[in-house]
Amino acid sequence: MSLAITQTRAMLVDAYRELNARKLFWITLILSGVLVLVFALLDIGNGSITFAGFSIDIPVDPDRKLFFNLAFTQIGIGVWLTWVATVLALISTAGIVPDLVSSGTVEMLVSKPISRVRLLLTKYAFGLLFVALQVAVFSVGSFLVFGLKGVTWEPRILLAIPIVVAFYSYLFSVCMLLGLLTKSTVAALLTTLLFWFAMFILNFTDASLLTMKSSSELRVDGLRADVTRLEALTIEGLEAQGSDAPDAGDTEALDDSNFYLASRRRNLAAAEEEYESWAKWSGRVAIAKTVLPKTSETIALLERSLIDMTEIEGLQQSGSAWEDEAREAAEERGDVYVSQREASAAAESALRDRSIWWVLGTSLAFEGVVLAICCWRFTKRDF
Amino acid sequence: MSAVTTSEWAVETRGLVKHYGRKVKALRGVDLRIGRGEVFGLLGPNGAGKSTLVKILMTVIGRTEGEGTVLGNPIGDKAILGRIGYLPEHHRFPGYLKGGEVIDFFGAMAGIPRRERKAKAGELLEIVNMSEWAKTPVRKYSKGMRQRIGLAQALVNDPEFVVLDEPTDGVDPVGRREIRDVVKRLGEQGRAVLINSHLLGELEMVCERVAILVKGKVAQQGTLEELAVGQGRYEIELNDGDASSLADAVASGGGEDPALTTGERLVVHENVLRIYTEEAAVVGPVLAKAVEMGLLVRSMKPVRPTLEDMFMQAVTDPTSGQALRPGADRGQKGAE
């Protein structure tokens, strides 16, 4: 046991020295600090945004807490930590495994009384630890700034630490495997970025398909309601005229009596078909996503936790004149208009309905498989 | 004979085989024994499998077949590695580490507690003459300085067995001498040392026993004396041109009254006649013949074979008389 502690401590100190030698680690940390400072100097209220004493008037007067939560999730996490800082962290840590397995170094380490699996996983864990440190500085900084400014003492901000580290760990496991296979930092880094981009595209496709599916679904629902309404009106009308009203189930007789009903029913059939098609493709993409890491959705977990859907809906503008025109035109065609805003909100709600365990569990399972392959490869390999 | 005094060996291998892929047969059945407290030299041409053998012992690579023990434990047992010191060939230390930190880090990886490491690092830096450079990053070191630090880190765990792969590579003559002294001292302290080197002269100065590896097999193994048996010679120095006349006269077929009747090998090298025998009695008649022929004998001395002589003999193909080509066995026809 004391052997393991001595070795782990030495590897931690070594990992620190290694990162310390890479200036990028400190640059990222300083930039994180700068962003926290921006949050400290930024404020909103009474219809204006102020920054370091300068103020700009804005037409809306949003909730201060919502504004800062959005700033934290959208800019702090969404842009800074998940894009810029992640790329910088990947550049900082992509070399860990290629350096470990480089000729002349690996002999020194695998010839020590430590199992290769422990050696590799310790290096992996320390890579993540330093990313956790970066996120922690930023999140704790933001938490304190928001609290001290009197905006909100929101401990859920600190959830960013495990969430961003989980997100980063998916990429880092892939980077480690590629580093092990190629022994090249540049190759590992570039292929990891490519993989990440592929995940981004897959997620974008998923979200788009979900929006199309939701839009279709809303249209089907609208048309179905319309058909039911018109059926009732038709029966009512016929009865008022004193004619023999057909049964509610006799669609043909009803359609013959009401031209609008027939055209709505045709539109409904077409919309149902379209919905089936979107649902099929959306389902397929969801299956593909199940076995892959869900980078964007993992990050979105923070937003799910911090921001209530109804708060965002409150911010969005209601239907424009253009939308009203489109709605009228659709009604003239015997159709139902579904706005992009409604469809997006429905898709967002569907995304939020995906369980945290599906998002995190399947992603971590993917990571586990990648790490198992890494360990197997590293154990079996001759150096 | 050897310094082996106990029945237990520091290293014992039986039929070690290593193939890389289907074609490259780096080791083809290596049987080796290194005694405890013995300085053992491993030599052989490039590609003979020396580094492969060392790497198998150090668990850096796996073996295809065969078995063996290191300090009594089966090869591949990680636990034993804490009692071994290792300096790999072409080792590379992270450039951000300072000399003292290298020793400390690898000491910790070998499981040495912090306090012991600290005391040991100072002592070792002193031994390898690197105390002044302890706080300089390794990236600023010369090749020889890196070797010195490499040797120091191999000794930080007070090892029972030290494996040094080309320890004097890139080291200046003064440094080589210092490293030799360290190795000698290790042997005197009762530690087993395995040195893999191309510098035969150096091995000769420190090793008690050697093994010559050729094409993945041990061609010869034993103490220098054992290997030298039958390879001693006498050298008679004469005036220019006289050596070949004397050789002609004494060879069994070279004259009416041959002085050499037992068929010893004769080689003329410039003005020196080499007679391959360890029996002084054989040389007497040759000297008498020289006197009889009126030749001036400048000197006569027995010559013990150098390690280089033994090495060259081991790597020379007896049928063609040519030195074997470097490289591992690649499974051409005729190979196993």
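You'll find the structure just up there.
Remember, predicted model here, so these are calculated numbers, not experimental data.

J.: Is there a simple way to explain the environment of Leu260 of chain B in this structure?
T.: All names here are of chain B. Looking at where Leu260 falls in the secondary structure, it is placed in the loop between helix H8 (242–250) and strand S12 (265–269). The class of Leu260 is buried, set by 20 C-beta atoms lying within 10 Å. Sequence separation of Leu260 and Ala219 is 41 residues, and the distance between their C-alpha atoms is 31 Å.

J.: Hey, could you run me through helix H8 (residues 185–241) of chain A in this one?
T.: The terminal C-alpha atoms of H8 of chain A lie 83 Å apart, and with 57 residues this matches the ideal 84 Å at 1.5 Å per residue to within 8%. Trailing H8 of chain A by a residue or two, Gly242 of chain A shows a phi angle of about 85 degrees, which is positive.

J.: So what exactly am I meant to see when it comes to the packing of helix H2 (residues 23–41) of chain A against helix H6 (residues 116–148) of chain A here?
T.: Residues and elements named next belong to chain A. As a packed pair, H2 and H6 sit with axes 9 Å apart at the nearest point and diverge in direction by 15 degrees. Overall, the two elements H2 and H6 adopt an arrangement that is roughly parallel. The two elements H2 and H6 cross, and the hand of that crossing is right-handed. Between H2 and H6, the contacting residues are Phe25, Thr28, Leu29, Ser32, Gly33, Leu35, Val36, Phe39 and Ala40 on the first element and Phe130, Gln134, Val137, Phe138, Gly141, Ser142 and Val145 on the second. Here the residues of the contact of H2 with H6 are counted per class, giving 10 nonpolar, 6 polar and no charged.

J.: Mind showing me how you'd approach the interface of chain A and chain B here?
T.: Reports of interface size often rely on the accessible area that becomes lost once the parts have come together. The partner chain B presents 25 residues to the 23 residues of chain A that form the contact. Taken together, the elements giving at least two residues each to the side of chain A that touches chain B come down to helix H1 (2–21) and helix H5 (106–110) of chain A. Ranked by the residues each element gives to the side of chain A that touches chain B, the list is headed by H1 of chain A, at 8 residues. Considering only residue class, the side of chain A that touches chain B consists of 9 nonpolar, 8 polar and 6 charged.

J.: I keep staring at the sheet that holds strand S11 (residues 233–237) of chain B and nothing clicks. Help me out?
T.: Strand-to-strand pairing in sheets goes through backbone hydrogen bonds, with the strands running parallel or antiparallel. All names here are of chain B. Reading across from one edge, S12-S13-S11-S14 is the order of the 4 strands in this open sheet, with antiparallel pairing throughout. Each edge of the sheet is formed by a strand with only one pairing partner; in this case those strands are S12 and strand S14 (299–303). Between one strand axis and the next, the sheet turns through 20 degrees on average, direction left out of account. Pairing between S12 and strand S13 (residues 272–276): 5 bridges, direction antiparallel. Paired with Val268 across the strands is Leu273, a residue of S13.

J.: Looking at this structure, how should I read the environment of Pro45 of chain B?
T.: With respect to the secondary-structure elements, Pro45 of chain B resides in the loop between strand S3 (39–43) and helix H1 (50–57). Sequence-wise, Pro45 of chain B and Ile212 of chain B are 167 residues apart; in three dimensions their C-alpha atoms are separated by 8.8 Å.

J.: Would you mind showing me how to read the sheet that holds strand S1 (residues 9–20) of chain B here?
T.: Residue and element names in this part refer to chain B. Strand order in the open sheet formed by 4 strands is S2-S1-S4-S5, and the pairing between neighbours is antiparallel. Only two strands of the sheet have a single neighbouring strand rather than two, namely strand S2 (24–35) and strand S5 (73–74). Of the pairings in the sheet, the one linking strand S4 (residues 65–70) to S5 comprises 2 bridges and is antiparallel in character. Residue Thr69 lies in a different strand from S5, and its bridge partner there is Pro74. The sheet contacts of H1 involve S1, S2 and S4, and relative to S1 the element is tilted by about 115 degrees.

So, how was this worked out
- Residues numbered from 1 in each chain as written.
- Chains lettered and ligands numbered in written order.
- Predicted model: local features only at pLDDT ≥ 70, side-chain atom pairs only at ≥ 80, totals over all residues.
- Helix = DSSP H or I, 4+ residues; strand = E, 2+ residues; numbered from the N terminus.
- Buried ≥ 20, exposed ≤ 12 C-beta atoms within 10 Å, placed from the backbone.
- Expected span 1.5 Å × (residues − 1).
- Axes fitted to C-alpha atoms, helices over the stretch in contact; angles between N-to-C directions.
- Parallel < 35°, antiparallel > 145°, perpendicular 65-115°, else oblique.
- Left-handed = near helix turned anticlockwise from the far one by under 90°.
- Contact = placed C-beta atoms within 7 Å.
- Nonpolar A, V, L, I, M, F, W, Y, C, P; charged D, E, K, R; others polar.
- Pairing = 2+ DSSP bridges.

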